[in-house]
Amino acid sequence: MIVILKPRITKKAETAVLREIKKLGYRPHLIRGVERTVVAAIGDERTHQTLEVLGSWPQVERVLPVQNRYKLVSREAQKNDSVVTAGGHRIGGGTFQVMAGPCSVEGEGQLMRTAEAVKKAGATFLRGGAFKPRTSPYEFQGLGQKGLKLLAKARQETGLAIITELLSEQQAGLVAEYADILQIGARNSQNYQLLIAAAKTGRPVLLKRGLSMRIEEWLLAGEYVLSSNNPNLIFCERGIRTFETYTRNTLDLSAVPIIKRESHCPIIIDPSQGAGRADLVAALSKGAAAMGADGLLIEVHPHPAEAWSDGAQQLTLEGFARLMEELKPFIAAAGRK
Ligand code: PEP
Ligand code: MN
């Protein structure tokens, strides 16, 4: 940690800071500039009390961390891109994977029709929520295990790999039996015990960005997965909450180059939750592909107007097939396959 002292403080006030740094288990190293003095406190924060308390001392201007708070997810820990293998497909490292399907699994007919159509159009993963995190308890909560069984059936019939959401620690084992990737939703992205439970199943984990999550918090949430001995983490940007009302969320595409710079883990984009409007999904998908995202998570439904959840943002089967064609030059331009 770096402790920046205020200018023109007394010798006594400076000594008190040094004494406190030592008391907390760090070695202080003084750097005297022309205007002010900076103290580098050397030591490992995990084994010592944090120095952040010094930030409230009158003679201290600021306390700053020297290193990133995340370690295993960082580019410093691993220079090359991680490749996550799920359901026989490689995510990251130059590939582009499209995961598509309904917001919720509603029934056999709906799921099978969607699965066949997205497979034909070139998707490699079928998405679909069996356990749904709904804002209101009076809205459709998902088919639960019956939904998982339908997803397994769709995998068997089409060969598509399955991504589905894990909502609670108690269901980690159950959902992992059916899923090739466990999705952690925006509302649960800082539920650390859930992240640990998901990681411990050994399945790859797709971590959505929370509604009001800073990128540092997102990376740190990802750190929970890697530090639970599961290297298979995929970040997923799905829009954050802002003052804007024309879209359901504000899709933060700047997360793509930032995550690429800060982390070796793959990042995919969910333009469906991102926009909340089907008419914007194609443009956002092309932008994400061109910016170097490793894939997309897109909601597709045979009859979006009749969907039990997120009807306004789901593409029709035809709309999805059209998008897959239109995406090709963007994927190629980003040097991906
Ligand atoms: C979803 O993918 O349908 C979903 C609920 O996503 P999020 O957690 O991003 O809102
Ligand atoms: Mn949805």
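Structure: above.
Reference entry: report on the structure contained in this document. (Residues numbered from 1 in each chain as written. Chains lettered and ligands numbered in written order. Predicted model: local features only at pLDDT ≥ 70, side-chain atom pairs only at ≥ 80, totals over all residues. Heavy atoms only, no water.)

1. Considerations on the overall build of the protein chain
Selection criterion: For the purposes of this entry, the term helix denotes a DSSP run of H or I that reaches at least four residues, the term strand denotes a run of E that reaches at least two, and both are numbered from the N terminus. The cut-offs for exposure are 20% and 50% of the maximum accessible area for each residue type, with area from a 1.4 Å probe on protein chains only; residues under the lower value are buried, those over the upper are exposed, and the others partly exposed. Should any heavy atoms of two residues lie within 4.5 Å, those residues are considered in contact. Shrake-Rupley sampling with a 1.4 Å probe provides the accessible areas, and residues are treated as covered by the protein chains on show and by no other component.
For the protein chain, the count of helices and strands is 10 helices and 14 strands. Overall, the protein chain is about 75 × 40 × 40 Å in size when its C-alpha atoms are taken along their principal axes. Evaluated residue by residue, the protein chain yields a buried proportion of 53% over its 337 residues. Considering only residue pairs separated by 6 or more positions, the protein chain has 67% of its internal contacts joining residues 24 or more positions apart. Here the protein chain has roughly 15700 Å² of accessible surface; of this, 52% comes from carbon and sulfur atoms.

2. Overview of the site of ligand 1
Under the convention used in this document: Throughout, near means a residue has at least one heavy atom within 4 Å of the molecule or strand. Any N or O atom pair separated by 3.5 Å or less is treated as a polar contact, with the protein-specific requirement of one donor-capable and one acceptor-capable atom, and with residues adjacent in sequence counted only for side-chain atom pairs. The residue classification treats Ala, Val, Leu, Ile, Met, Phe, Trp, Tyr, Cys and Pro as nonpolar and Asp, Glu, Lys and Arg as charged. All others, Gly included, are polar.
Neighbouring ligand 1 are 13 residues, the closest being Arg127, Ala186, Arg187, Lys208 and Arg238. Between ligand 1 and the protein, one listed contact pairs an oxygen atom with a backbone N or O atom of Ala186 at 2.7 Å. For ligand 1, an oxygen atom lies 3.2 Å from a polar atom in the side chain of Gln273. Isolated, ligand 1 exposes 290 Å² of accessible area, and the fraction of that covered by the protein chains is 97%. Here the residues of the shell around ligand 1 sort into 3 nonpolar, 3 polar and 7 charged.

3. Examining the nonpolar core
Where a protein is soluble and globular, its nonpolar side chains tend to be buried together. Heads up, the condition is: Definition of nonpolar core: a set of buried residues of the types Ala, Val, Leu, Ile, Met, Phe, Trp, Tyr and Cys, connected through side-chain atoms within 4.5 Å.
Counting residues in each nonpolar core, the largest one holds 66 residues, and the members touching the most others are Leu126, Trp218, Phe235, Ile298 and Phe320. Counting residues per element, this core draws most heavily on helix H6 (residues 215–226), which supplies 7 residues. Sequence-distant contacts of Phe235, defined by excluding residues within four places in its chain, comprise Leu207, Trp218, Leu219, Gly222, Ile259, Ser263, Cys265, Pro266, Ile267 and Ile268. One finds Leu24, Ala41, Leu54 and Val60 within the second-largest nonpolar core, a separate group that totals 14 residues.

4. What to know about the environment of Leu206
Examined against the element boundaries, Leu206 turns out to sit in strand E11 (residues 205–208). Taking the C-alpha atoms as reference points, Leu206 and Leu51, separated by 155 residues in sequence, lie 33 Å from one another. Apart from the residues within four sequence positions on either side, Leu206 is in contact with Met99, Ile163, Ile181, Leu182, Gln183, Ile184, Ile234, Cys236 and Ile268.

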